[in-house]
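What the coordinates show
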Amino acid sequence: MASEDVKRSESAAVSTIVNLAEEAKLAREGVKAPSYAVLSICKSLFAGGVAGGVSRTAVAPLERMKILLQVQNPHNIKYSGTVQGLKYIWRTEGIRGLFKGNGTNCARIVPNSAVKFFSYEQASKGILYMYRQQTGNENAQLTPLLRLGAGATAGIIAMSATYPMDMVRGRLTVQTANSPYQYRGIAHALSTVLREEGPRALYRGWLPSVIGVVPYVGLNFAVYESLKDWLVKDNPFGLVENNELTIVTRLTCGAIAGTVGQTIAYPLDVIRRRMQMVGWKDASSVVTGEGRSKASLEYTGMVDAFRKTVRHEGFGALYKGLVPNSVKVVPSIAIAFVTYEMVKDVLGVEFRISD
C-alpha cells in the first residue's frame, strides 16, 4: 500500500511538473489562455458598444433632422433646412423631440458598433494572415485596399445583425405628436410591423444598405487606419508624441474618414429610408403630406425607388438631409473612433493587426 501511495505521489508530481513546463512554454510563445481570449473579446465588444452609444447620443438632434428631411413629402414641406427644422422641432415638441428615437438608435447602435469594431479586428487579422501566406512575406502589412475589404466585411455583418432595429428606429424618429398612430416604443413597433406587414417588412431597404455599407464603413476604416499609419511612420506635421497620435489628431483622422465615406454612400441611405416607410398605413404626416397630393411611396425594389425619386423630385432629392448629416457624421465618426481606442486603453486591451 505504501509503495502504491508513493507511486501515485510521484505520478502526481511528474504530472504537475509537466503541466507547469507546458504552461511556461505557452507563456514564452505568447499563447494566451482561453479565458483571457474570452475576456479580451468581451472588452473589445464593450469598447465598441460604448463608442457607438456616446457618438450617436452626441449628435442625436442632427440625426433626427437628417431622417425627417430624407422622407418628408415634397408636396408639403415642413422642414426647409437644418436650422429651421431644429427650431421647429424645439418649438413644437420641446427638447425631447430633438432626441426622439435616440433610445432606439442607441439600442441598435451599441450592439451594431460592438459587432462592427470586433468584426473589423477579426477580419483584418484573417485577411492579413492570408495576405502574408500568399506573398510569403511575414512582415507584410495591410494595404488601404485590404483595410477597405475588412471594413466592408465588418459593416455588412454588423448592419445585417441589427437591421430590424434600424428599420423601426427610422419610423419612431419620423413620427410626430400629430401622427395618426403612435408606436409606443421599440418592442411595440417591432410587434406592430410584424403583425401588420409581415417579417419581410423588417428588412425593407436592406439591399441598398448592404451596397452602401461597403463604401461607407469600408472607407471609414481604410481612411482612418491609413491616415494614422502615415502620420505615425512619416510624421509629416510633427504631430506624433512618443510614437502616439494626440486625441485631437485622431479626431481629425476620424472626421476626414467619416466625410469621405458618407459623401459617397449618401444616396443609398436616402433610398433605404424611403423604402423603410413603404407599407406604413398610418404613416406620419411628414411622409403622407397631411392629405395633400402624395408622391408615390410604393417601390418594387431599390432600382424602382431610385427611378421614382429622381423622376418626381429630381436628382437633388438623393442628397436631401446631406447638410445635417455632414455636420453630424464628422463629430460622430471621430468621437466613435477615439472613444473606442480610449475605452480599450482603460480596459487594457491591445490590438495590433501586424501581430
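Look a little higher up for the structure.
In this text, all values refer to a predicted model and were calculated from it rather than measured experimentally.

On to the overall build of the protein chain. The secondary structure content of the protein chain amounts to twelve helices and two strands. Scanning the protein chain from its N terminus toward the C terminus, one meets helices and strands in the order α-α-α-α-α-α-α-α-β-β-α-α-α-α. For the protein chain, buried positions account for 48% of its 355 residues. Expressed as a percentage of contacts within the protein chain between residues at least 6 apart in sequence, the contacts between residues at least 24 apart total 79%. With the model as given, the accessible surface of the protein chain reaches about 17500 Å², and the carbon-plus-sulfur share is 62%.

Applying the stated criterion across every chain yields a total of 16 salt bridges. The salt bridge involving E63 is made with K66; its shortest N-O contact spans 3.6 Å. Of this pair, E63 and K66 both sit in helix α3 (residues 60-71), three residues apart, which is roughly one turn of that helix. Grouping residues by exposure puts E63 and K66 together as buried. A network of salt bridges, in which partner residues are shared, links E63, K66, D166, R169, D269, R272 and R273.

This brings us to the packing of aromatic side chains. For any pair of aromatic rings, geometry is given as the distance between the ring centres together with the angle between the planes. Inspection of the entire model under this criterion finds seven aromatic pairs. Their ring planes at 85° and their centres at 5.7 Å tell us that F117 and F221 sit as a pair that is edge-to-face. One end of the pair, F117, is in helix α5 (residues 102-135); the other, F221, is in helix α8 (residues 206-234), and 104 residues separate them in sequence. Look at F117 and you get buried, because its relative accessible area is 5%. Residue class for F221 comes out buried when judged on its relative accessible area of 3%. Pairing F315 with Y319 gives two aromatic rings, centres 6.1 Å apart and planes at 50°, and the pair type is tilted. By relative accessible area, which is 54% here, F315 ends up exposed. A network of ring pairs unites the aromatic residues F117, Y120, F221 and Y340 as a single cluster.

Let us look at the environment of L45. Summarising the element assignment, L45 is placed in helix α2 (residues 34-58). On the accessibility criterion, L45 (30% relative accessible area) is partly exposed. Along the primary structure L45 and V115 are separated by 70 residues, whereas in three dimensions their C-alpha atoms are 6.6 Å apart. Those residues in contact with L45 that sit more than four places away from it in its chain are A114, V115 and F118.

This paragraph deals with empty space enclosed by the protein. Under the definition given, this model contains four cavities of 30 Å³ or more. A volume near 630 Å³ is recorded for the largest cavity. Surrounding the largest cavity, 37 residues form its lining, R56, K116, Y216, V217 and R272 being those nearest its centre. Listed by contribution, the elements that provide at least two residues to the lining of the largest cavity are α2, α3, α5, α6 (144-174), α8, α9 (247-277) and α12 (322-347). For the lining of the largest cavity, the leading source of residues is α8, giving eight residues. A class-by-class count of the residues in the lining of the largest cavity yields 15 nonpolar, eleven polar and eleven charged.

The next subject is a nonpolar patch on the surface. Among the surface-exposed residues, Y203, W206, L207 and I211 lie close enough to one another that they form a single nonpolar patch of about 350 Å² accessible area. Relative to the elements of secondary structure, I211 occurs in helix α8. A relative accessible area of 37% means that I211 is categorised as partly exposed.

The rules behind the values
Residues numbered from 1 in each chain as written. Predicted model: local features only at pLDDT ≥ 70, side-chain atom pairs only at ≥ 80, totals over all residues. Heavy atoms only, no water. Helix = DSSP H or I, 4+ residues; strand = E, 2+ residues; numbered from the N terminus. Buried < 20%, exposed > 50% of the residue type's maximum accessible area, 1.4 Å probe, protein only. Contact = heavy atoms within 4.5 Å. Areas by Shrake-Rupley, 256 points an atom, 1.4 Å probe, with all protein chains shown as cover. Salt bridge = Lys/Arg side-chain N within 4 Å of Asp/Glu carboxyl O. Phe/Tyr/Trp six-rings, centres within 6.5 Å; stacked < 30°, edge-to-face > 60°. 1 Å grid on protein atoms, 1.4 Å probe; cavity = no way out; pocket = protein on both sides within 12 Å on 5 of 7 lines; lining within 4 Å. Points joined across faces, edges and corners; volume = space filled by probe spheres on them. Nonpolar A, V, L, I, M, F, W, Y, C, P; charged D, E, K, R; others polar. Patch = residues over 30% accessible without salt bridge, like charges linked within 9 Å, V, L, I, M, F, W, Y side chains within 5 Å.

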